[in-house]
Amino acid sequence: PEEILLDADAAARGHAYFRIGAARHSPDHRLFAWAEDTQGSEVFRIRIKNLETGEMLPATVESTTGDFDFAPDSRFLFWTFRDDHGRPRKIFRREIGTDRDVEIYEETDEGFFLHVETTLSGRSILIVSGNQETSEARRIPGDDPTAAPRVIAPRETGIRYDVDDWGDRLVIRTNLDGAIDFRLVEAPLDSGDRATWRELLPHRPGHFVTGFVCLENHLIRTERVEANTRIVIRTRDGAEAEIAVDEPAYALRIEPGYEYRTSTLRYVRASPSTPRRWIDRDLDTGAETIRKTQEIPSGHDPSRYEVRRITARAADGATIPVTILMRRGTKLDGSAPLHLYGYGSYGIAMEPGFSTGVLSLVDRGMIHAIAHIRGGSEKGWGWFLDGRGAQKMNTFTDFIAAAEALIEAGYTKAGRIVAHGGSAGGLLVGAALNLRPDLWAGVIAAVPFVDVLNTMSDASLPLTPPEWPEWGNPLEDEAAYDTIAAYSPYDNIGAKPYPPVLATGGLSDPRVTYWEPAKFIARLRDRSTSDAPALLHMQMEAGHGGAAGRFDSLKEIALDYAFALWCVGLAETA
């Protein structure tokens, strides 16, 4: 019979905000733990339930980032402490059933993030620290969880690596020796420096190795090439096979599950027109079984839609992939309104997956497009490096180039495009708004990072020191100050005829503080020379991710999309 491990709706009663972070069962299946946030501020509490008795363990873990894992023997919980500045600072080990915590590692670099995990095989407990350009990992033997962590390779500025174990060796993904798009190496389990690393998969420019999973007899990696993800399966003898996909734009994701000794790989496949499918692949025979297809309660026929991929060209010659979703038969005479989405920061790729929300725009006559701009990693890690720090302006001009390419190809015209981005994507659309207000019918800036210069100059804010590698440190670097000042959306609002703008925020947001969108809209109202509205919607009981409840989240999406439809004259269909 079905056993309910956690009823989140019941747990949420009495809380205006409630969100589950990580949730895991112990390796012996006796315990179930989860991290919960009841404010939206990303301060988590870890709770543990005894599955044999149904009772909650009385000792909870407080002041945590929500990051934790069980030791392979199920006797200990490893968890990450969140300091008063909202930064992950220490790793503790707790003997389950007690409230006694033992500090096993402290990260002294305030610009580094921190994470702990147990490998799928159970042979290692890994502590990983790092920022966007440098990382360092430590290993605790899985069969000796109270041992002191041992560094795998000392940190070196500009060198990133991440680790898993595969039998009697480690597999390491790294950019060492100029491997911009990363390569794979192997090393002994007790590796203590890079001298022990040996080539496993050489660097291939344009094939960005984004991650890998180790199963007993197979090493499965993901690569991103021209904004699409590939899954490649490698056996212990070095033979490789790729999972074939025949679509112009698509997204693949591995779901490794809990079993190390298995010959089955579960992965998820989707495209802008095709809902997600969970597929099991037999790694020995290649046979596949669809285990689940995302249900669309209102019904969905993929044949009614068309997915395309075009290429925009930046002023410096860079080619920018643009993914397009539209109703089949849409006239490409420039008359259609268009919803253009982008992000372009931290090396995060905007994958061309499936969204039921976007269909509500497309079914009403809008074309939806994703601009895979620099600052993301859609075309490799070099694509990210070309859109950060001193090169950040490329992110914004790429977005504008994507809009102009869509206009030139007849998908829409200037003044018929609604630009949309969230967080650092809000920075993107805010900068594009200042650079080319004439292009946009409207702009949706969700929890937007628009007060960049002031935020990056305030070292007391939770994310400022960790963010300096991404944006630059204006406190110590004059060139970084000038670069940020040139694009910071709040600082560049001028006397211009701005289109309608909707900015959203969350009162307890620790990532983009609520005053950023508030200041941005206030200055727009003061300086815009047009009569277009500048609107602010503040969630008073939510954080960076918006409302936690399923239906409240849908209401937020509905607000954004109703605004988009109003901007292009389709409000009567909203």
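Worth saying up front: this structure is predicted, and the values here are computed from it rather than measured.

Rules used throughout
Residues numbered from 1 in each chain as written. Predicted model: local features only at pLDDT ≥ 70, side-chain atom pairs only at ≥ 80, totals over all residues. Heavy atoms only, no water. Helix = DSSP H or I, 4+ residues; strand = E, 2+ residues; numbered from the N terminus. Rg over C-alpha atoms; globule rule 2.2 N^0.38 Å. Lys, Arg positive; Asp, Glu negative; His and termini not counted. Charge placed at Lys NZ, Arg CZ, Asp CG, Glu CD. Buried < 20%, exposed > 50% of the residue type's maximum accessible area, 1.4 Å probe, protein only. Contact = heavy atoms within 4.5 Å. Patch = residues over 30% accessible without salt bridge, like charges linked within 9 Å, V, L, I, M, F, W, Y side chains within 5 Å. Areas by Shrake-Rupley, 256 points an atom, 1.4 Å probe, with all protein chains shown as cover. Salt bridge = Lys/Arg side-chain N within 4 Å of Asp/Glu carboxyl O. Phe/Tyr/Trp six-rings, centres within 6.5 Å; stacked < 30°, edge-to-face > 60°. Lys NZ or Arg CZ within 6 Å of the ring centre and 35° of its normal. Expected span 1.5 Å × (residues − 1). Arc of directions from axis to C-beta. Pairing = 2+ DSSP bridges. Axes fitted to C-alpha atoms, helices over the stretch in contact; angles between N-to-C directions. Core = buried A, V, L, I, M, F, W, Y, C linked by side-chain atoms within 4.5 Å. Parallel < 35°, antiparallel > 145°, perpendicular 65-115°, else oblique. Left-handed = near helix turned anticlockwise from the far one by under 90°. Nonpolar A, V, L, I, M, F, W, Y, C, P; charged D, E, K, R; others polar.

(A) The arrangement of the overall build of the protein in detail. Along the backbone of the protein there are 10 helices and 31 strands. A compact globule built from 574 residues would reach a C-alpha radius of gyration of about 25 Å, and the protein, at 24 Å, matches this within 12%. Judged by the C-alpha coordinates and their principal axes, the protein covers about 65 × 55 × 50 Å. Here the protein carries 64 positive and 85 negative side-chain charges, and the mean point of each set is 3 Å from the other.

(B) Structural view of the side chain of Ser377. Positionally, Ser377 belongs in the loop between β27 (367-371) and α3 (381-385). The class of Ser377 is buried, set by a relative accessible area of 1%. Each residue touching Ser377, except ones within four places of it in the same chain, is listed here: Phe208, Arg224, Gly347, Ile348, Ala349 and Trp383.

(C) Structural detail: a nonpolar patch on the surface. Side chains of Leu507, Tyr514, Trp515 and Met540 sit close together on the surface and give an oily, nonpolar patch of about 390 Å² of accessible area. Relative to the helices and strands, Met540 resides in the loop between β31 (534-539) and α10 (550-567).

(D) Representation of the pattern of salt bridges within the structure. Taken as a whole and judged by the stated rule, the model has 40 salt bridges. We note a salt bridge from Arg45 to Glu36, for which the minimum N-O separation is 3.6 Å. Glu36 gets classed as buried once you look at its relative accessible area, which sits at 5%. In this structure, the salt-bridge partner of Asp398 is Arg374, at a minimum N-O distance of 2.8 Å. Of the two residues, Asp398 sits in helix α4 (residues 393-408) while Arg374 sits in the loop between β27 and α3, which places them 24 residues apart along the sequence.

(E) Looking closely at the packing of aromatic side chains. The final tally for this structure, using the stated rule, is 14 aromatic pairs. Judged by centre distance (5.9 Å) and plane angle (55°), the ring pair of Phe182 and Phe208 falls under tilted. A residue pair is termed long-range when its members are at least 10 positions apart, and Phe182 in the loop between β13 (169-174) and β14 (183-188) and Phe208 in strand β16 (residues 208-215) qualify at 26 residues. Considered together, Phe182 and Phe208 belong to a single accessibility category, that of buried residues. An aromatic cluster is defined as three or more aromatic residues linked by ring pairs; in this entry it consists of Phe182, Phe208, Trp381 and Phe384. A cation sits over an aromatic face here: Arg93 above Phe76, 5.6 Å from the ring centre. Here Lys519 stacks its cationic end above the ring of Tyr490, 4.6 Å away from the centre of that ring.

(F) Geometry of unusual backbone geometry. At Tyr346, a position not held by glycine, the phi torsion is positive, near 60°. One non-glycine residue, Val447, lies in the positive phi region at around 35°. Residue placement: Val447 occurs in the loop between β29 (440-446) and α6 (452-456).

(G) Inspection of helix α5 (residues 424-435) at higher detail. For α5, which comprises 12 residues, the first-to-last C-alpha distance of 17 Å matches the rise-based estimate of 16 Å (1.5 Å per residue) to within 8%. Summarising burial for α5: 11 of the 12 residues are buried, a large majority.

(H) Here's a closer look at helix α9 (residues 515-527). Here α9 spans 18 Å end to end across 13 residues, near enough to the 18 Å set by a 1.5 Å rise per residue. Among all positions of α9, only Glu516, Pro517, Phe520, Ile521 and Leu524 are buried. Down the axis of α9, the sector holding all buried residues measures 125°, keeping them to one side. More than 90 degrees from the buried face of α9, the exposed residues found are Arg525 and Asp526. Each element contacted by the buried residues of α9 is listed here: α5, α6, β30 (501-506) and β31.

(I) Just the sheet that holds strand β26 (residues 338-341), in detail. Strand order in this open sheet of eight strands is β24-β25-β27-β26-β28-β29-β30-β31, and the pairing throughout is mixed. Each end of this open sheet is capped by a strand with a single partner; those strands are β24 (305-313) and β31. Here the average twist between neighbouring strands, direction ignored, is 20°. Alignment of strand β28 (residues 417-422) against β29, held across six bridges, turns out to be parallel.

(J) Structural context of the nonpolar core. Among the nonpolar cores identified, the biggest contains 59 residues, and Ile324, Leu340, Phe399, Leu406, Trp440 and Leu524 are the most heavily contacted of them. In terms of residue count, α4 provides more of this core than any other element does, eight residues in total. Ignoring any residue separated from it by four or fewer positions in sequence, one finds Trp440 in contact with Leu340, Phe399, Ile400, Ala403, Gly415, Ile417, Ala419, Ala432, Leu433 and Pro499. Counting 23 residues, the second-largest nonpolar core is a separate cluster that includes Leu325, Val358, Leu565 and Leu570.

(K) Structural view of the packing of α4 against α5. Two elements in contact, α4 and α5, have axes separated by 9 Å at closest approach and are oriented at 70°. On the basis of their axis angle, the class for α4 and α5 is roughly perpendicular. The hand of the α4/α5 crossing is right-handed. Where α4 abuts α5, its residues Met393, Thr395, Phe396, Phe399 and Ile400 lie against Leu427, Leu428, Val429, Ala431, Ala432 and Leu435. In terms of residue class, the contact of α4 with α5 is made up of 10 nonpolar, one polar and no charged.

(L) The sheet that holds strand β4 (residues 61-70), seen in detail. Read from one edge to the other, the open sheet built from seven strands follows the order β1-β2-β3-β4-β5-β6-β7, with strand pairing classed as antiparallel. With one partner strand each, in any of the chains shown, β1 (19-25) and β7 (101-106) form the two edges of the open sheet. Averaged over all pairs of adjacent strands, the angle between strand axes in this sheet comes to 30°, irrespective of strand direction. The sheet contact formed by strand β2 (residues 31-37) and strand β3 (residues 44-50) spans six bridges and is antiparallel. The partner of Leu31 across the bridge, within β3, is Asn50.

(M) Focus on the pairing of β16. Most of β16 sits out of view: seven of its eight residues are buried. Between the end of β16 and the start of strand β17 (residues 218-225), which pair antiparallel, lie two residues.

(N) Spotlight on the pairing of β27. Of all five residues in β27, five are buried, a share of seventy percent or more. Side chains of β27 alternate between two faces, with Ile367, Ala369 and Ala371 and His368 and Ile370 buried alike. Sheet topology places strand β25 (residues 319-327) next to β27; four bridges connect them, and they run antiparallel. Bridge pairing in β27 places Thr323 opposite Ile370.

(O) Inspection of the side chain of Arg93 at higher detail. Its place among the elements puts Arg93 in strand β6 (residues 88-95). For the buried residue Arg93, which engages in no salt bridge, the nearest side chain bearing the opposite charge is Glu95, 7.6 Å off. Those residues within four positions of Arg93 in sequence are excluded, and the remaining contacts are Phe76, Leu77, Phe78, Arg100, Asp101, Val102, Ile104, Pro145 and Thr146.

Any functional reading would require information that these geometric values do not contain.
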